Amino acid sequence: MTTTSGEFVLADAAAYAQAVTDASEAAGAYYTGGTSALDDDAYDRLVRAVAAYEADHPDEVLAHSPTGKVAGGAVEGDVPHTVPMLSLDNVFDGEQFTTWTASVARRIGHEVTRWNVQPKLDGLAIAARYHEGRLTRLITRGDGMAGEDVSHAIGTIEGLPDRLTEPHTVEVRGEVLMTISQFEHANEVRTAHGGAPFANPRNAAAGTLRAKERSYTVPMTFFAYGLLPLPGTSAEHTEELRTLAHGELMDRAAGLGVNTPATTDVSGLTVDTVEQVLERVGHIAGLRAELPFGIDGIVVKADLAADQEAAGTGTRAPRWAIAFKLPAVEKITRLLDVEWNVGRTGIIAPRAVLTPVDIDGSTVAYATLHNPADITRRDLRIGDHVMVYKAGDIIPRIEAPVAHLRTGDEQPIVFPEVCPQCGSGIDTSEQRWRCERGRNCHVVASLSYAAGRDQLDIEGLGGTRVVQLVDAGLVADLADLFALTRDGLLALDRMGETSTDNLLAAIEAAKAQPLSRVLCALGVRGTGRSMSRRIARHFATMDHIRAADAEAMQRVEGIGAEKAPVIVSELAELAPLIDRLAAAGVNMTEPGATPPAPEGETEDGASGEQAAAGPLDGMTVVVTGAMTGPLEKLSRNQMNELIERAGGKSSSSVSKRTGLVVAGEGAGSKRTKAEDLGIRLATPDEFAELVADLLD
Ligand code: IVH
């Protein structure tokens, strides 16, 4: 039963027993990397209902109840912890937080001296033991008293060095997680090995950490939030670590070479008052969507060791720290339908149509379903309740059907037998299905893309005109555009002399576009605008690009071992088209770039990227707000091109690594963030002056 506030009320002992079983199962799945039938909100509500029932019926409490236990009592381990690894109590809003701080003040007899506010990282707790500076053992949290030995993961976790900078005997505690890009990489590798993609970064980290024998390794990241002495270290050192404030301990950990949140935009911050805590909580919450890793809350800790000691510790959680929970990024909703969309490259991708659901402030109505094999593996059916995950920029994903909510009316998902776009056969030899006609299938989409403002920028060649040209049989691929004749065009409906001449002139002008744009227009799988620019700058000419093997391709920043062979084989597939474009007079060089030095010659000096020295040499630049003055007519893409021509790197998000933010009228959160981080700001006019030599 549910009350108006959304809380469950357990009516009797049977309902209570069922709730205990459900919550224990969900906790088990959560802590061991399995899929839970409850989302976080539902789990929290269920545990609150269990706790409420137990408070009213203290003599009916079941032994396997998750209340009062670390990890809901779901996991055990066999390596004892030197000091218990505890959980945290939660608050959900400022009022609850203020009430909690008052209770801490009462307990210790004065206001907490100062607070440390840090992100609550959404991964798994781990204890890393260092003996005389060497990493010897990794242990999971387990039931809090003893954990599982996962030392086999040593060497795969970034931020957890094999050796500390000093030969200390200490335990570093913190969270192991996958950043969003590590998660995407892990799923690429995993599916390439025929495995099912991980449902979310947390699951991926849990599964990866525990997996002992895998033929591949995928990296994870560690962030420290604790540092304690281990037996074997000197009494002096032990005493020192026990008396340092939390913020100081984190500085120590960082000094030893261990990663901490200080390397992120949401570093731990020490503040004096409850108001300042709440301000920082709001600030971190506001940055959540932009962070390159998931957080599920903000942890607030009394900073001073003396305050912590005075507050003391319960069996499950310390009384000097609290987790300020953020809204869940997973929700359960219904799968209404599956659409099969054919992309520019002929890939036929299934997409889930959902009952719209609000996840962390945005409405999710569609989710990716990867590929048909994955649908089969997950045994998804139309009408299923499904768990949906969405965080930051990640495309919403379906995790799993909630099998116990099935009614029997669910229907199987029907896979297409022919290409839904053109009716040709489907190449099902790879996990991702593709129309047999490849990129020629969806010629309208690929031509419209190629003619777009950020690619060949052919004015007058919008979607309807492309459809007209394709329907009339005048173009079947990109090269055909350059063979269009005046007579051919004049024969079409709604094509007068003026529009014909304008279109032909625009097509002629497109031949002079830089290589980066030509490459982008080709629609090579795995390369968008910025990747096309990087490739073009690196290789300088189409001939050099085509001569590159996978190894050479990997020298381009951002192209890894997975992507390189795809790009190389795509280019081979496109060879006849590229030849025809070159023969038509389309430019195949990148202005200002120099080809990389041939194999064997020294790396420095002649590399295409290094030759790009300019006024922004090596600087990461972010553009935000409206451009004015000499930059007024430039699109965001053109601004990025300009930055890169000037030797800089363009980026869309502000971080510590940003060197300059060009803030025009109406600039909002990016400008504020730059100010917070003390990053140099420039107006569009100032920036125009900086790159004046490169402006036409
Ligand atoms: S402090 C004694 N700090 O949250 C204090 N925990 O819900 C115990 N977590 O088991 C932990 N970020 O896995 C702490 N900055 C942070 C954290 C953090 C994530 C996790 C950790 C812990 C769980 C408790």
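Under the annotation held in an unreviewed UniProt entry, the protein carries the name DNA ligase and is attributed to Streptomyces antnestii. As stated in UniProt under Function (unreviewed entry), the record for the protein gives "DNA ligase that catalyzes the formation of phosphodiester linkages between 5'-phosphoryl and 3'-hydroxyl groups in double-stranded DNA using NAD as a coenzyme and as the energy source for the reaction. It is essential for DNA replication and repair of damaged DNA."

(A) Examining the pairing of strand β24 (residues 660-663) more closely. The alternating pattern of β24 places Leu660 and Val662 on one face and Val661 and Ala663 on the opposite face, and all of these are buried. The pairing of strand β22 (residues 620-624) with β24 spans four bridges and is parallel. Each bridged residue has a counterpart across the sheet, and for Val621 the counterpart in β24 is Leu660. One ladder, built from three bridges, connects β24 with strand β25 (residues 680-682); its direction is parallel. Looking at the pairing, Val662 lines up with Ala682 of β25.

(B) Representation of the site of the ligand. Around the ligand, a shell composed of 14 residues is seen, among which Gln118, Leu121, Arg141, Glu175 and Tyr225 lie nearest. A distance of 2.8 Å is found between a nitrogen atom of the ligand and a side-chain nitrogen or oxygen belonging to Gln118. Its free accessible area being 520 Å², the ligand has 88% of it covered by the protein chains. The set of elements that each furnish at least two residues to the shell around the ligand consists of β3 (115-121) and β11 (295-302). In terms of residues, the shell around the ligand owes the most to one element, β3, which gives four residues. A breakdown of the residues in the shell around the ligand according to their chemical character gives eight nonpolar, two polar and four charged.

(C) Representation of the UniProt feature "active site" (unreviewed entry) in the protein within the structure. Per the UniProt annotation, the sites labelled "active site" (unreviewed entry) are Lys120. Here Lys120 is in contact with Leu88, Gly294, Ile295, Asp296, Gly297, Ile298, Val299 and Ala323, once residues within four sequence places are set aside.

(D) Region of the structure containing the sheet that holds strand β2 (residues 90-91). Read from one edge to the other, the open sheet built from five strands follows the order β2-β12-β11-β3-β10, with strand pairing classed as mixed. The sheet terminates laterally at β2 and β10 (269-271), the two strands that pair on one side only. Bridging between β2 and strand β12 (residues 321-325) involves two bridges; their strand directions are parallel. When the bridges of β12 are listed, Asn90 appears paired with Ala323. Along the sheet, helix α3 (residues 94-108) contacts β2, β3, β11 and β12; its crossing angle with β12, the most-contacted strand, is approximately 175°. Of the strands in this sheet, β3, β10, β11 and β12 are in contact with helix α8 (residues 274-287), which crosses β3 at around 25°.

(E) Just the pairing of strand β18 (residues 397-401), in detail. Counted residue by residue, β18 has five buried out of five residues, so it is predominantly covered. In this sheet, β18 lies alongside strand β17 (residues 385-389) in antiparallel orientation, the contact comprising four bridges. Counted as the bridge partner of Val386 is Pro401 from β18.

(F) Representation of unusual backbone geometry. With a phi angle near 55°, Arg494 is a residue other than glycine that sits in the positive phi range. With respect to the element layout, Arg494 can be found in the loop between α14 (486-490) and α15 (497-510). One non-glycine residue, Ala540, lies in positive phi territory at about 70°. Within the secondary structure layout, Ala540 lies in the loop between α17 (529-539) and α18 (542-547). Classification of Ala540 by relative accessible area gives buried; the value is 2%.

(G) Fine view of the sheet that holds strand β4 (residues 124-131). Strand order across the open sheet formed by five strands is β5-β4-β8-β9-β7, with mixed pairing between neighbours. Bordering the open sheet on either side are β5 (134-140) and β7 (157-158), each of which pairs with just one other strand. Of the pairings in the sheet, the one linking β7 to strand β9 (residues 220-229) comprises two bridges and is parallel in character. Considered in β9, the bridge of Glu158 is made with Thr221.

(H) The arrangement of the UniProt feature "binding site: Zn(2+)" (unreviewed entry) in the protein in detail. Residues annotated by UniProt as "binding site: Zn(2+)" (unreviewed entry) correspond here to Cys419, Cys422 and Cys441. Across 23 residues of sequence, these annotated residues stay compact in space, with a maximum C-alpha separation of 8.7 Å. Within the secondary structure layout, Cys422 lies in the loop between β19 (411-412) and β20 (426-427). For Cys422, a relative accessible area of 28% puts it in the partly exposed group. In contact with Cys422, not counting residues within four places along its chain, are Cys435, Arg437 and Cys441. Looking at where Cys441 falls in the secondary structure, it is placed in the loop between β21 (434-435) and α11 (443-451). For Cys441, a relative accessible area of 7% translates into the label buried. Not counting the four nearest positions on each side in its chain, Cys441 is found in contact with Val342, Cys419, Gln421, Cys422 and Cys435.

(I) Structural detail: the pattern of salt bridges. Across all of its chains, the model carries 32 salt bridges by this definition. Put simply, Asp303 and Arg114 hold a salt bridge, and the shortest N to O gap is 2.8 Å. Residue Asp303 is located in the loop between β11 and α9 (305-311), and its partner Arg114 is located in the loop between α3 and β3; the two are separated by 189 residues in the primary sequence. A salt bridge links Asp149 to Arg137; its shortest N-O distance comes to 2.7 Å. Here the residue Asp149 occupies a position in the loop between β6 (146-147) and β7, and Arg137 occupies one in strand β5, the gap between them amounting to twelve residues. Taking the relative accessible area as the measure of exposure, Arg137 reaches 32% and is therefore partly exposed. One continuous salt-bridge network, built from bridges that share partners, spans Asp379, Arg381, Asp384 and Arg406.

(J) Layout of the packing of helix α16 (residues 515-522) against α17. With their axes 8 Å apart at the nearest point, α16 and α17 run at an angle of 130° to one another. The angle between α16 and α17 places the two elements in the oblique class. Considering the relative orientation of α16 and α17, their crossing is right-handed. In contact with Leu515, Ser516, Leu519 and Cys520 of α16, α17 contributes Arg529, Ser532, Arg533, Ile535 and Ala536. The residue inventory of the contact of α16 with α17, partitioned by class, reads five nonpolar, two polar and two charged.

Rules used throughout
- Residues numbered from 1 in each chain as written.
- Predicted model: local features only at pLDDT ≥ 70, side-chain atom pairs only at ≥ 80, totals over all residues.
- Heavy atoms only, no water.
- UniProt positions renumbered as here; feature names shortened; annotations may be inferred.
- Buried < 20%, exposed > 50% of the residue type's maximum accessible area, 1.4 Å probe, protein only.
- Helix = DSSP H or I, 4+ residues; strand = E, 2+ residues; numbered from the N terminus.
- Pairing = 2+ DSSP bridges.
- Near = heavy atom within 4 Å.
- Polar contact = N/O pair within 3.5 Å; in protein donor to acceptor, adjacent residues only side chain to side chain.
- Areas by Shrake-Rupley, 256 points an atom, 1.4 Å probe, with all protein chains shown as cover.
- Nonpolar A, V, L, I, M, F, W, Y, C, P; charged D, E, K, R; others polar.
- Contact = heavy atoms within 4.5 Å.
- Axes fitted to C-alpha atoms, helices over the stretch in contact; angles between N-to-C directions.
- Salt bridge = Lys/Arg side-chain N within 4 Å of Asp/Glu carboxyl O.
- Parallel < 35°, antiparallel > 145°, perpendicular 65-115°, else oblique.
- Left-handed = near helix turned anticlockwise from the far one by under 90°.

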